[in-house]
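Here is what each chain is made of, one letter per residue.
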Amino acid sequence: MAQEIGRRMTENDASVSPPPDVSHLSAAELVAALRALPYRQTAFLMTRLVQDRSMRESALFYGITPEAFCVHLLRAGLALARAAALPCREPENDVEEDVWARALAEALERETAAVPGALTGTVALCRRLRALGREVAAALEAAEREQEESRKGQREEWLRKLAVAALLVLTAFLYCNRSEETPERRVQPRSMER
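All figures in this text were calculated on a predicted structure; none of them were measured in a lab.

(A) Expanded view of helix α3 (residues 39-50). α3 sits mainly inside the fold: nine of its twelve residues count as buried. Among the residues of α3, T42, A43, F44, L45, M46, T47, R48, L49 and V50 are the ones counted as buried. Among the structural elements, α2 (27-36), α4 (55-62), α5 (66-83), α6 (94-109), α7 (120-131) and α8 (133-149) are those in contact with the buried residues of α3. Once α3 ends, the next one or two residues include D52, with phi positive near 55°.

Below, the structure written as structure tokens:
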């Protein structure tokens, strides 16, 4: 089975061009690609590559096995490559995905690790993201601050305040217009009535 996968990977890799040169990608371009991804994929990439946690630490952080984390990291890496407009292809099946996930994990641990040809661009991109980790983290924080300060952020803040004010007004209205409850008449024991 492994030989079949290896043979198929070699056949599939023949059509893949040499890995793209990602050394020209700036932190700003990587941030733009990261922001185009779903939050969860960005979080996996940030944990492993930008924060430079080990595979085991990253998996522990998310409460999953290292093998499962490797698969999530592969999927996020492929999504990042697509967002950065780099050529890449999806694994053809679960077995190939597992092989690629292990290959990516190994390539991030050792520079000399063997990488399937179809995965070389993704590996290069992940290494570039790790190399620019501090700059990317700072740029992401700056982008988030800018978004918060933007008109949209300000409008959302005003809408939140307006919603809270409306709830307070509604609560006050309902409190003031509630029906008066008549106090229960206390029944006096007969011995006290005389």
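(B) Main features of the layout of surface pockets. By volume, the largest pocket is sized at about 320 Å³. Lining the largest pocket we find 16 residues, and of these Y39, T42, M46, L140 and E144 sit closest to its centre. At five residues, the largest contribution of residues to the lining of the largest pocket is made by α3. Among the residues forming the lining of the largest pocket, the class breakdown is nine nonpolar, three polar and four charged. In this structure, the second largest pocket occupies an estimated 170 Å³ of space. Taken together, M55, P66, E67, C70, V71, D98, A101, R102, A105, E106 and E109 make up the lining of the second largest pocket. Within the residue set of the lining of the second largest pocket, elements represented by two or more residues are α5 and α6. Looking at the lining of the second largest pocket element by element, the count peaks at six residues for α6.

(C) Broad picture of the packing of aromatic side chains. Counted under the stated rule, the structure contains four aromatic pairs. Taking 5.4 Å as the distance between ring centres and 70° as the angle between the ring planes, the aromatic pair formed by F44 and F69 counts as edge-to-face. Within this pair, whereas F44 is found in helix α3, its partner F69 is found in helix α5, the two being separated by 25 residues in sequence. A ring pair is formed by Y62 and F69, whose centres lie 6.1 Å apart and whose planes are at 20°; its orientation type is stacked. By relative accessible area, which is 0% here, F69 ends up buried. A network of ring pairs unites the aromatic residues F44, F61, Y62 and F69 as a single cluster.

Definitions and cut-offs
Residues numbered from 1 in each chain as written. Predicted model: local features only at pLDDT ≥ 70, side-chain atom pairs only at ≥ 80, totals over all residues. Heavy atoms only, no water. Buried < 20%, exposed > 50% of the residue type's maximum accessible area, 1.4 Å probe, protein only. Helix = DSSP H or I, 4+ residues; strand = E, 2+ residues; numbered from the N terminus. Contact = heavy atoms within 4.5 Å. 1 Å grid on protein atoms, 1.4 Å probe; cavity = no way out; pocket = protein on both sides within 12 Å on 5 of 7 lines; lining within 4 Å. Points joined across faces, edges and corners; volume = space filled by probe spheres on them. Nonpolar A, V, L, I, M, F, W, Y, C, P; charged D, E, K, R; others polar. Phe/Tyr/Trp six-rings, centres within 6.5 Å; stacked < 30°, edge-to-face > 60°.

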